[in-house]
Amino acid sequence: MDAVRVSALRESLAGTGWLESTGSFAGALRSEVSRRASSGLLLVGTPRYEPWHLAAHLDDEAALCGLPALAPTLVRHTVPAGSPAHLAVGLRRLEAARRGATVLLVAPESAGAPLLERVQDARRGGATVLAVDTGDGELAALAHERLSVPDAEPEPFELVQHLVSAAAGTAGRPRSRFARLLDRLTGTPALHW
């Protein structure tokens with residue numbers, strides 16, 4: 001993320017509560033994976049959107065903050081033949097999710113009934129469900145924690161995911177690495193998360 005985009009993001013979010021909202025959601029995510037470290041984090045998108053970018057950032061944050069449970073397992077709708085093991089986890093993994101698992105659903109569009117049914121099954125089995133979406137009403141009743149970004153275009157939706165991953169890796173610490181990066185890039189003090 002370059003300094004101009006970071007600065008524009010901070011300016012556009014100033015006073016809106018978004019930094020606090022993403023920080024709160026990220027804190028819930030971190031808390032869930034910390035409490036449920038044995039079962040891990042399942043990250044799933046919609047049939048047309050795989051959250052590769054968020055998966056990579058959460059994996060980096062997990063390594064940086066020393067919380068391996070924050071590194072997600074990417075659950076894919078279609079697994080191409082010959083995919084390496086870490087990229088070959090299909091939707092059946094959601095069906096097997098039980099107590100102790102955390103499911104993070106990222107939906108920049110409607111999740112669709114088949115996916116919502118699988119996530120509902122995971123919730124019934126005891127998994128905690130978190131969602132980042134653009135206003136999918138069906139997710140409101142399904143998710144334990146939800147960050148809704150109504151009517152977001154693709155780029156702002158991706159930027160919110162940056163905020164979530166950075167805050168998840170630094171939640172609970174006195175000064176976040178992301179806030180220090182924002183300070184350096186923009187020359188102004190960032191919020192404390």
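Look above for the structure.
The rules behind the values
- Residues numbered from 1 in each chain as written.
- Predicted model: local features only at pLDDT ≥ 70, side-chain atom pairs only at ≥ 80, totals over all residues.
- Heavy atoms only, no water.
- Core = buried A, V, L, I, M, F, W, Y, C linked by side-chain atoms within 4.5 Å.
- Buried < 20%, exposed > 50% of the residue type's maximum accessible area, 1.4 Å probe, protein only.
- Helix = DSSP H or I, 4+ residues; strand = E, 2+ residues; numbered from the N terminus.
- Contact = heavy atoms within 4.5 Å.
- Pairing = 2+ DSSP bridges.
- Right-handed = clockwise from strand over helix to strand, strands pointing away.
- Polar contact = N/O pair within 3.5 Å; in protein donor to acceptor, adjacent residues only side chain to side chain.
- Axes fitted to C-alpha atoms, helices over the stretch in contact; angles between N-to-C directions.
- Salt bridge = Lys/Arg side-chain N within 4 Å of Asp/Glu carboxyl O.

In this section: the nonpolar core. By size, the foremost hydrophobic cluster in this structure holds 28 residues, and its most contacted members are Leu29, Leu58, Leu70 and Leu104. Only α2 (18-35), β1 (41-44), α3 (52-65), β3 (102-107), β4 (128-133) and α7 (154-170) provide two or more residues apiece to this core. If sequence neighbours within four positions are ignored, Leu29 has contacts with Leu41, Leu58, Leu70, Leu104, Leu130, Val164 and Ala168. In terms of nonpolar packing, the next biggest core, distinct from the first, is built from 22 residues, Ala97, Ala107, Ala111 and Ala143 among them.

Turning our attention to the pairing of β4. In terms of burial, β4 is largely enclosed, as 6 of its 6 residues are buried. Of the strand pairs in this sheet, β3 and β4 are connected by 6 bridges, and their pairing is parallel. Bridge pairing in β4 links Ala107 to Asp133. Between β3 and its parallel partner β4, the chain crosses via helix α5 (residues 113-124), and the hand of that crossover is right-handed.

As for its position among the elements, Thr46 is in the loop between β1 and α3. Within the local environment of Thr46, its side chain forms a polar contact with the side chain of Glu109, the two groups lying 2.5 Å apart.

Spatially, β2-β1-β3-β4-β5 is the arrangement adopted by the 5 strands of the open sheet, whose pairing is parallel. Edge positions in the sheet fall to β2 (72-75) and β5 (145-148), since each has one partner strand and no second. The sheet shows a mean angle of 20° between the axes of neighbouring strands, direction not considered. Strands β1, β3 and β4 of the sheet are contacted by α5, whose axis makes an angle of about 160° with β3.

Take the pairing of β1 next. Regular strands place side chains that alternate from one sheet face to the opposite one. What you see with β1 is no split at all: Leu41 and Leu43 on one side and Leu42 and Val44 on the other are buried throughout. The pairing of β1 with β2 spans 4 bridges and is classified as parallel. Looking across to β2, one finds that Leu41 is bridged to Pro72. As for the winding sense of the linkage, the β-α-β connection from β1 through α3 to β2 is right-handed. Note: β1 against β3, 4 bridges, orientation parallel. Opposite Val44, over in β3, you have Leu105 as the bridge partner.

A few words now on the pattern of salt bridges. Opposite charge on two side chains permits them to pair, given that their charged atoms come into close proximity. If you walk through the whole model with that rule in mind, you get 6 salt bridges. In this structure, Arg76 and Glu50 form a salt bridge, with 3.0 Å as the shortest nitrogen-oxygen distance. Here Glu50 lies in the loop between β1 and α3 and Arg76 lies in the loop between β2 and α4 (92-96), a separation of 26 residues in the sequence. With a relative accessible area of 9%, Arg76 lands in the buried category. The partly exposed category is assigned to Glu50, whose relative accessible area is 22%. With a closest N to O distance of 3.1 Å, Arg124 and Asp121 form a salt bridge. On the criterion of helical spacing, the pair formed by Arg124 and Asp121 is a turn pair, its members being 3 residues apart in helix α5.

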